[in-house]
Amino acid sequence: MSNRTMYLDGLRGLLAIVVFNEHFLKVFYPLSSLWEIDHTSTASLADDLLVFSFLQLFIDGSFAVSGFFVLSGYLLTKASFESVYFSKFDLFERCVKRYLRLAVPVTVALIGVWCLHLLRMFSFEEFLSLNMSAIGPLYLPGNEPELIKLLAQGTLYSIFFVNPNFNPVIWTIAPEMWFGVIIFSLIFILRHIDAAPKVQVLLGLSSMGLLIALGKDFAFIGIPLGAFLYFTLKLTRDLHLNMGAIKVLLILICLGFLLYDVKGGSTHPLGILDTEFHRSMSTYVTSGLFWFFLLFLTIITPTIQLALNSPFLVLVGRYSFGFYLSHYLVLCSIGMSLHISIQNTWFTSSFIVGLFSFVTSLIIGAGMYRYVERPVLKLQFKRSFNSIKVDRPI
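Residues numbered from 1 in each chain as written. Predicted model: local features only at pLDDT ≥ 70, side-chain atom pairs only at ≥ 80, totals over all residues. Heavy atoms only, no water.

Chemist: When you look at unusual backbone geometry in this model, what are you seeing that I'm missing?
Modeler: Peptide bonds are trans in most cases, and residues, glycine excluded, mostly fall at negative phi. One non-glycine residue, Arg120, adopts positive backbone phi at about 55°. Within the chain, Phe166 stands out as a residue other than glycine whose phi angle is a positive 70°. Assessed through its relative accessible area of 9%, Phe166 is described here as buried. (Buried < 20%, exposed > 50% of the residue type's maximum accessible area, 1.4 Å probe, protein only.)

Chemist: Got a minute to help me understand the nonpolar core in this structure?
Modeler: Across soluble globular proteins, you tend to see nonpolar side chains buried next to one another. Judged by nonpolar contacts, the single largest core of 99 residues is most densely connected at Tyr74, Leu229, Phe231, Leu295 and Leu325. Per-element tally for this core: the top contributor is helix α1 (residues 6–28), with 13 residues. Other than its neighbours up to four places away in sequence, Phe231 contacts Thr77, Phe81, Ile187, Leu190, Val201, Gly204, Leu205 and Met208. (Core = buried A, V, L, I, M, F, W, Y, C linked by side-chain atoms within 4.5 Å. Helix = DSSP H or I, 4+ residues; strand = E, 2+ residues; numbered from the N terminus. Contact = heavy atoms within 4.5 Å.)

Chemist: Mind showing me how you'd approach the packing of helix α5 (residues 88–118) against helix α17 (residues 346–377) here?
Modeler: Each pair of packed helices gets described by two things: the angle between the helix axes and the distance between those axes. Between α5 and α17, whose axes approach to 9 Å, the crossing angle comes to 160°. The orientation of α5 relative to α17 falls into the category roughly antiparallel. In this structure, α5 crosses over α17, and the sense of that crossing is right-handed. Contacts between α5 and α17 involve Lys97, Leu100, Arg101, Val104, Pro105 and Val108 from the first element and Met368, Val372, Glu373, Val376 and Leu377 from the second. Classifying every residue of the contact of α5 with α17 gives eight nonpolar, no polar and three charged. (Axes fitted to C-alpha atoms, helices over the stretch in contact; angles between N-to-C directions. Parallel < 35°, antiparallel > 145°, perpendicular 65-115°, else oblique. Left-handed = near helix turned anticlockwise from the far one by under 90°. Nonpolar A, V, L, I, M, F, W, Y, C, P; charged D, E, K, R; others polar.)

Chemist: Is there a simple way to explain the side chain of Ser326 in this structure?
Modeler: Take Ser326: it is sitting in helix α16 (residues 320–341). A polar contact of 2.8 Å, which involves the side chain of Ser326, links it to the backbone oxygen of Gly322. Sequence-distant contacts of Ser326, defined by excluding residues within four places in its chain, comprise Ser361 and Ile364. (Polar contact = N/O pair within 3.5 Å; in protein donor to acceptor, adjacent residues only side chain to side chain.)

Chemist: Any chance you could explain the pattern of salt bridges here in plain terms?
Modeler: Two side chains that carry opposite charge are able to pair once their charged atoms sit near each other. Throughout the structure, instances matching the rule amount to six salt bridges. Between Arg12 and Asp9 there is a salt bridge whose closest N-O contact spans 2.5 Å. With Arg12 and Asp9 both in helix α1 and three residues apart, the pair spans about one turn of that helix. A relative accessible area of 9% places Asp9 in the buried class. The residue Glu22 makes a salt bridge to Lys26 at a minimum N-O spacing of 3.2 Å. Taken together, the residues Glu22 and Lys26, both in helix α1 and four residues apart, mark about one turn of the helix. (Salt bridge = Lys/Arg side-chain N within 4 Å of Asp/Glu carboxyl O.)

Chemist: Where do I start with helix α4 (residues 61–81) in this structure?
Modeler: Working note: α-helix, 3.6 residues per turn, so residues spaced by three or four point in the same direction. Across its 21 residues, α4 extends 30 Å between first and last C-alpha, which sits within 8% of the 30 Å expected from 1.5 Å per residue. For α4, the buried fraction is high: 18 of the 21 residues fall into the buried class. (Expected span 1.5 Å × (residues − 1).)

Chemist: Even after reading the chapter, I still don't get the packing of α1 against helix α15 (residues 311–318), so can you show me in this structure?
Modeler: At a closest axis distance of 6 Å, the pairing of α1 and α15 adopts a crossing angle of 75°. With respect to α15, the axis of α1 lies roughly perpendicular. Along its contact with α1, which presents Met6, Asp9, Gly10, Arg12, Gly13, Leu14, Ala16 and Ile17, the element α15 presents Phe312, Leu313, Val314, Val316, Gly317 and Arg318. Here the contact of α1 with α15 is built from residues that sort into eight nonpolar, three polar and three charged.

Chemist: Any chance you could explain helix α10 (residues 222–238) here in plain terms?
Modeler: A rise of 1.5 Å per residue sets the reference length of α10, with its 17 residues, at 24 Å; its end C-alpha atoms lie 24 Å apart and thus fit the reference within 8%. Just past α10, the residue His240 takes up positive phi, approximately 55°.

Chemist: Where do I start with the packing of aromatic side chains in this structure?
Modeler: Aromatic ring pairs: the centre-centre distance and the angle between the two ring planes describe each pair. For the coordinates displayed, the defined rule picks out 24 aromatic pairs. Seen from their ring centres, Trp171 and Tyr284 are 5.7 Å apart, and the 80° between their planes marks the pair as edge-to-face. Here the residue Trp171 occupies a position in the loop between α7 (147–160) and α8 (173–191), and Tyr284 occupies one in helix α13 (residues 282–299), the gap between them amounting to 113 residues. Residue Tyr284 is classed as buried on the basis of its relative accessible area, which comes to 19%. Summarising the aromatic geometry, the rings of Phe323 and Phe358 are spaced 5.2 Å apart at their centres and angled 65° between planes, so their arrangement reads as edge-to-face. (Phe/Tyr/Trp six-rings, centres within 6.5 Å; stacked < 30°, edge-to-face > 60°.)

Chemist: Explanation requested: the confidence of the model for the protein in the structure shown.
Modeler: Caution applies to low-pLDDT regions: their predicted coordinates should not be interpreted in detail. Taken over all residues, the pLDDT of the protein has a mean of 83, while the share at 70 or more is 80%. α15 holds the highest mean pLDDT among the elements of the protein, 96, whereas helix α12 (residues 275–279) holds the lowest, 46. When the criterion is pLDDT under 50, residues 264–279 qualifies, and its contacts beyond four places in sequence or with other chains add up to 38 contacts. (pLDDT = per-residue confidence, 0-100.)

Chemist: Can you help me understand the environment of Leu91 in this one?
Modeler: Tracing the chain through its elements places Leu91 in helix α5. A C-alpha to C-alpha distance of 6.8 Å links Leu91 and Phe188, two positions 97 residues apart in sequence. The contacts of Leu91, once residues within four sequence positions are left out, are Phe86, Phe184, Ser185 and Phe188.

Below you can see the structure in the form of structure tokens.
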């Protein structure tokens, strides 16, 4: 990734950390979740402040996943629309590489579940008997992971269907796969329409607007929103609109979303401590819309980009996919076992376990990036014919 867009890696790293924060707190401090706050009388003022304030955005996994979706839609569209070549073979190649890009790491992560099960590393029963936790076991007795089933899940079921068995975070993979194919197909059609670049952009904008309207009630709405954002940015620049005025408008809109607060709560103008809203699908839709404007603002604001260019965030972002796939397994295996074995205060034990689990997940993510993801990304398909160059529409 070039220096001009490295901040997007930093953003990806920040989102991965937010997802880790939510799952860590669900395991070791369930009062950080709205559901637990709503059904217990033991929540303290600090618990309420953590959940019903802007701080909850840093522990809100649904908010972060919506950000991943918007970012993914934007980058997939940008890479496809600005490519020099886009023949039928290129469309086929992109779809196959998208499948491998998702299926191979997911399968490796599911094989990891099988290995941890064989090593008896999951300590659900013992941990839950000693600690209050909002996390459920990865599998129930009688439904232990079998290698053949895991391979089928990693190469088929979790890629083309929403199947989060044995690793709850992989429910996001199927939308990523299907929308990747849809975006590639749309760009292929647009690139072969004999029309001016601005007309192609307008057609892309209207097509994604239709997809958004059709999928407005679904959690994956962020992906077409990201594609819509790309076309919106291109149109904005092609028309030479005043970026200063747009930036002010985006800041006001983002502040409005912050006040609305994606989970409800003390900052929610329409309902105090509104926990029911978070448990509905609407939270993903609202977060997706928020991220549309927030990413728009980020792309046109160098100050935000500079903050996201933090070496630590960029590092986490580079390894974020493997980190995302493995962190839940690490928390539910090594993390739980370590927490049980440490004889210390809850805070000290949880801090040590959290730090250890984070570093372990990052190391696994780095290994998956180097030995799994990067080889897949470097795959080159041999062309049996010459591609026809399609002029880049910029």
